[in-house]
Amino acid sequence: QQQVKQSPQSLIVQKGGISIINCAYENTAFDYFPWYQQFPGKGPALLIAIRPDVSEKKEGRFTISFNKSAKQFSLHIMDSQPGDSATYFCAADLNYGQNFVFGPGTRLSVLP
Amino acid sequence: SQTIHQWPATLVQPVGSPLSLECTVEGTSNPNLYWYRQAAGRGLQLLFYSVGIGQISSEVPQNLSASRPQDRQFILSSKKLLLSDSGFYLCAWRAGFNSPLHFGNGTRLTVT
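Residues numbered from 1 in each chain as written. Chains lettered and ligands numbered in written order. Predicted model: local features only at pLDDT ≥ 70, side-chain atom pairs only at ≥ 80, totals over all residues. Heavy atoms only, no water.

Colleague: I'd like to hear about a nonpolar patch on the surface, residue by residue, with values.
Modeller: Residues and elements named next belong to chain A. A cluster of nonpolar side chains, namely Ile 18, Ile 20 and Met 78, defines an oily patch on the protein surface of about 240 Å² accessible area. Inspection of the secondary structure assignment puts Ile 20 in strand 3 (residues 19-25). What makes Ile 20 partly exposed here is its relative accessible area of 36%. (Patch = residues over 30% accessible without salt bridge, like charges linked within 9 Å, V, L, I, M, F, W, Y side chains within 5 Å. Areas by Shrake-Rupley, 256 points an atom, 1.4 Å probe, with all protein chains shown as cover. Salt bridge = Lys/Arg side-chain N within 4 Å of Asp/Glu carboxyl O. Helix = DSSP H or I, 4+ residues; strand = E, 2+ residues; numbered from the N terminus. Buried < 20%, exposed > 50% of the residue type's maximum accessible area, 1.4 Å probe, protein only.)

Below you can see the structure in the form of structure tokens.
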């Protein structure tokens, strides 16, 4: 119940295309869902986050879509650029929880 | 603004040698502190977390230990390194429950 599933494991997208990464969870007590972006040799950086009281959040080219009934959330990267090539992690957090639960990550490659 | 410092950036140590990795956070007080390990191309494994000075919780029983001697200092240690301790070690902090997690830039440890 504490797992977060993430797919695909890897993703190749052409420049200008849309990248979509999906995550699913079981524990309905999760109430904070961030996405992290990690470049090689660097620590993960918070990209965008959402709480379950909204169905969508957009920041620039990055959008989180949240489906509370399906217990799923996804990251959409519009107009993908080679600079977006990185590993992306979804995560979930409990309001009273000590720790985040991370998905296994998706390696995104955007071809020029 | 808050910043997190982690050092060293890279470290090569022989099997059986001791280890000490240090992490400090600036610009906040009483943060929750975390140590994660990331194997090459893999996800984030939580090793230890701390909600206060002297309070350490271990997630995975292993060859490592952690200490929090000061409010904003978190140390990862080992008395005798194993080959399997190689990896990318990440320190992270957050202000409290249900708040974003912020990572340092990591230490690449190679045990030879």
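There's more to say after this.
Colleague: Please set out the pairing of strand 3 of chain A residue by residue, giving values where relevant.
Modeller: All names here are of chain A. Where burial is concerned, the two faces of strand 3 differ: the one with Ser 19, Ile 21, Cys 23 and Tyr 25 is buried and the one with Ile 20, Asn 22 and Ala 24 is not. Pairing analysis gives four bridges linking strand 1 (residues 4-7) to strand 3, with the strands arranged antiparallel. Its bridge partner being in strand 3, Val 4 is matched across the sheet by Tyr 25. (Pairing = 2+ DSSP bridges.)

Colleague: Tell me about the interface of chain B and chain A, and name the residues and values.
Modeller: With 22 residues of chain B in contact, the opposing surface of chain A contributes 21 residues. Applying the counting criterion to the chain B and chain A interface returns one salt bridge. Here Asp93(A) makes a salt bridge to Arg94(B), at a shortest N to O gap of 2.7 Å. Where chain B packs against chain A, one counts three residue pairs in polar contact (both at pLDDT 80 or more). Elements that contribute at least two residues to the side of chain B that touches chain A include exactly strand 4 (32-38), strand 5 (45-52) and strand 9 (87-94) of chain B. (Contact = heavy atoms within 4.5 Å. Polar contact = N/O pair within 3.5 Å; in protein donor to acceptor, adjacent residues only side chain to side chain.)

Colleague: Explain the packing of aromatic side chains to me, and be specific about the residues and the numbers.
Modeller: Summed over the entire model, instances satisfying the criterion amount to 19 aromatic pairs over all chains. Geometrically, the ring pair formed by Phe33(A) and Phe66(A) is tilted, given 4.8 Å between the ring centres and 45° between the ring planes. Highlighted residues: Phe33(A) in strand 4 (residues 30-38) and Phe66(A) in strand 7 (residues 62-67), separated in sequence by 33 residues. Comparing Phe33(A) with Phe66(A), the two get one shared label, buried. By the ring-pair criterion, three or more aromatic residues cluster together here, those being Tyr32(A), Tyr36(A), Phe100(A), Phe102(A), Tyr34(B), Tyr36(B), Tyr49(B) and Phe103(B). (Phe/Tyr/Trp six-rings, centres within 6.5 Å; stacked < 30°, edge-to-face > 60°.)

Colleague: Explain the layout of surface pockets residue by residue, including any values.
Modeller: Remark: the empty space left among the atoms is shown by a probe the size of a water molecule rolled over them. Looking at the largest pocket, its volume works out to about 670 Å³. The wall of the largest pocket is formed by 31 residues, among which Arg107(A), Gln38(B), Gly41(B), Arg42(B) and Gly43(B) lie closest to the centre. Elements supplying a minimum of two residues to the lining of the largest pocket: strand 9 (86-94) and strand 11 (106-111) of chain A together with strand 4 of chain B. Residues that form the lining of the largest pocket fall into these classes: 11 nonpolar, 15 polar and five charged. Considering only enclosed or pocket space, the second largest pocket measures out at about 230 Å³ in volume. As for the second largest pocket, its lining consists of Asn99(A), Phe100(A), Val101(A), Phe102(A), Tyr36(B), Leu44(B), Gln45(B), Leu46(B), Glu59(B) and Val60(B). (1 Å grid on protein atoms, 1.4 Å probe; cavity = no way out; pocket = protein on both sides within 12 Å on 5 of 7 lines; lining within 4 Å. Points joined across faces, edges and corners; volume = space filled by probe spheres on them. Nonpolar A, V, L, I, M, F, W, Y, C, P; charged D, E, K, R; others polar.)

Colleague: An account of the nonpolar core is needed here, citing residue identities and associated values.
Modeller: The nonpolar side chains of a soluble globular protein tend to be buried, and buried together. Among the nonpolar cores identified, the biggest contains 26 residues, and Phe33(A), Trp35(A), Phe73(A), Leu75(A) and Tyr88(A) are the most heavily contacted of them. Looking at this core, the elements that each hand over two or more residues are strand 2 (10-14), strand 3, strand 4, strand 5 (45-50), strand 7, strand 8 (72-77), strand 9 and strand 11 of chain A. Ignoring anything within four residues of it in the chain, the contact list for Phe33(A) reads Tyr25(A), Ile48(A), Ala49(A), Ile50(A), Pro52(A), Ile64(A), Phe66(A), Phe73(A), Ala91(A) and Ala92(A). Counting residues in hydrophobic clusters, the runner-up holds 19 residues, among them Leu21(B), Leu33(B), Leu81(B) and Val111(B). (Core = buried A, V, L, I, M, F, W, Y, C linked by side-chain atoms within 4.5 Å.)

Colleague: I'd like to hear about the sheet that holds strand 3 (residues 19-26) of chain B, residue by residue, with values.
Modeller: Residues and elements named next belong to chain B. Pairing is antiparallel in the open sheet, where four strands are placed in the order 1-3-8-7. Only two strands of the sheet have a single neighbouring strand rather than two, namely strand 1 (3-7) and strand 7 (65-70). For this sheet the average axis-to-axis angle between neighbouring strands, irrespective of direction, equals 20°. Of the strand pairs in this sheet, strand 3 and strand 8 (residues 73-78) are connected by six bridges, and their pairing is antiparallel. If you follow Ser 20 over to strand 8, its bridge partner there is Ser 77. (Axes fitted to C-alpha atoms, helices over the stretch in contact; angles between N-to-C directions.)

Colleague: Give me the lowdown on unusual backbone geometry, citing residues and values where you can.
Modeller: A cis geometry characterises the amide bond from Ser7(A) onward to Pro8(A), with omega recorded as -5°. Tracing the chain through its elements places Pro8(A) in the loop between strand 1 and strand 2. That bond from Trp7(B) to Pro8(B) is cis: its omega, 0°, falls within 30 degrees of zero. Relative to the helices and strands, Pro8(B) is located in the loop between strand 1 and strand 2 (10-13). At Lys71(A), a residue that is not glycine, the phi angle is positive and equals roughly 55°. Following the sequence through the fold, Lys71(A) ends up in the loop between strand 7 and strand 8. One non-glycine residue with positive phi stands out, namely Asp79(A), at about 45°. For Asp79(A), the position within the fold is in the loop between strand 8 and strand 9. Its relative accessible area of 39% is what places Asp79(A) among the partly exposed residues.

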